[in-house]
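Below are the chains, spelled out letter by letter.
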Amino acid sequence: MALRTIRTEGDPVLHKISRPVKEMTPKLRTLIFDMLDTMYEAYGVGLAAPQVGVLKRIVTIDIGEGPIVLINPEILETSGEQTGDEGCLSVPGMAGQVTRPNYVKVKALDENMNEVIYEGTELLARAFCHEIDHLDGKMYTELVEGELHRTTYDEDEE
């Protein structure tokens, strides 16, 4: 498969609402594989189609337990609260404190257009919310409490 260019903050595509997927096509199947490859190459735990310039409601997530593909995802239920550092492949080298639900239940279609339901806590719950926000043109930076901080440092800055 191919690596896609990750759009970064300032790109207008990141603030647009994605369109639902009506049917699986070979082109969309390729997009999903490319998104997974791109996400792994960038050491991310999630990637939404708008982040690679495609305004379709498709998300890939892998928190270390294997890939999850969500097509047309919707959050059915949330509970609890967690606050922690959150970053984004579209805002490289930065992170900020964000409060999200600690439990999230999501309904979506998988890559074969079969309905699936996932439940996640902690990092997976955070990833569900973060990636689904991307589909609605929302960036995590809008939710940051306080200031963003750098997560990468040049060695000569010590």
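Let me begin by describing the structure that accompanies this report. Since the structure is predicted, the reported quantities are computational estimates derived from the model, not experimental observations. (Residues numbered from 1 in each chain as written. Predicted model: local features only at pLDDT ≥ 70, side-chain atom pairs only at ≥ 80, totals over all residues. Heavy atoms only, no water.)

1. A word on the overall build of the protein chain
If you tally the helices and strands in the protein chain, you get two helices and eight strands. Seen in sequence order, the protein chain has helices and strands lined up from the N terminus as α-β-β-β-β-β-β-β-α-β. Here the C-alpha radius of gyration of the protein chain, 15 Å, is about what a compact globule of 158 residues would show, namely 15 Å. If one aligns the C-alpha atoms of the protein chain with their principal axes, the spans along those axes are about 50 × 35 × 30 Å. Of the contacts made within the protein chain by residues no fewer than 6 positions apart, 65% connect residues no fewer than 24 positions apart. As displayed, the protein chain offers around 8400 Å² of accessible surface, 48% of which is attributable to carbon and sulfur atoms. (Helix = DSSP H or I, 4+ residues; strand = E, 2+ residues; numbered from the N terminus. Rg over C-alpha atoms; globule rule 2.2 N^0.38 Å. Contact = heavy atoms within 4.5 Å. Areas by Shrake-Rupley, 256 points an atom, 1.4 Å probe, with all protein chains shown as cover.)

2. What to know about the pattern of salt bridges
Scanning the model with the defined rule gives six salt bridges in all. Between Asp-34 and Arg-4 there is a salt bridge, with its nearest N and O atoms 2.9 Å apart. Of this pair, Asp-34 sits in helix H1 (residues 26–41) while Arg-4 sits in the segment before H1, and the two are 30 residues apart along the sequence. We note a salt bridge from Glu-86 to Arg-100, for which the minimum N-O separation is 2.8 Å. Here Glu-86 is found in strand E4 (residues 82–88), whereas its partner Arg-100 is found in strand E5 (residues 91–100), with 14 residues between them in sequence. Here Glu-86 and Arg-100 have matching classes, each one buried. Within this structure, Glu-86, Arg-100, Arg-126 and Asp-133 form a network of salt bridges that share partners. (Salt bridge = Lys/Arg side-chain N within 4 Å of Asp/Glu carboxyl O. Buried < 20%, exposed > 50% of the residue type's maximum accessible area, 1.4 Å probe, protein only.)

3. A word on the sheet that holds strand E6 (residues 103–109)
In space, the five strands of this open sheet follow the order E1-E2-E3-E6-E7, with antiparallel pairing throughout. Two strands lie at the open edges of the sheet, namely strand E1 (46–48) and strand E7 (115–121), each paired on one side alone. Mean inter-strand twist for the sheet, computed between neighbouring axes without regard to direction, equals 35°. In this structure, E6 lies alongside E7, joined through seven bridges in antiparallel fashion. The residue bridging Ala-108 from the neighbouring strand is Val-116, located in E7. Lying on the sheet, H1 is in contact with E1, strand E2 (58–61) and strand E3 (68–79); it crosses E2 at an angle near 35°. Strands E1, E2, E3, E6 and E7 of the sheet are contacted by helix H2 (residues 122–135), whose axis makes an angle of about 125° with E7. (Pairing = 2+ DSSP bridges. Axes fitted to C-alpha atoms, helices over the stretch in contact; angles between N-to-C directions.)

4. Description of the sheet that holds strand E8 (residues 149–150)
If you walk across this open sheet you meet the three strands as E4-E5-E8, and the pairing is antiparallel. Two strands in the sheet have a free side with no partner beyond their single neighbour: E4 and E8. Direction of pairing for E5 relative to E8: antiparallel, over a ladder of two bridges. The residue of E8 that forms the bridge with Ala-95 is His-149. Sitting on the sheet, H2 is in contact with E4 and E5, with an inclination near 50° to E4.

5. Looking at the pairing of E6
Buried residues dominate E6, accounting for five of its seven residues. Looking at chain direction, E3 and E6 are connected through six bridges and run antiparallel. Paired with Glu-77 across the bridge in E6 is Lys-105. The hairpin formed by E6 and E7 contains five residues between the paired strands, and Met-113 there has a positive phi angle of roughly 65°.

6. Here's the deal with H2
The end-to-end C-alpha separation of H2 is 21 Å, in line with the 20 Å expected for 14 residues at 1.5 Å each. The buried fraction of H2 is high, at 12 of 14 residues. For H2, the complete set of buried residues consists of Leu-124, Ala-125, Arg-126, Ala-127, Phe-128, Cys-129, His-130, Glu-131, Ile-132, Asp-133, His-134 and Leu-135. Where H2 terminates, the next one or two residues include Gly-137, which has phi positive at roughly 75°. (Expected span 1.5 Å × (residues − 1).)

Everything listed here is a matter of coordinates, which is why it stays silent on function.
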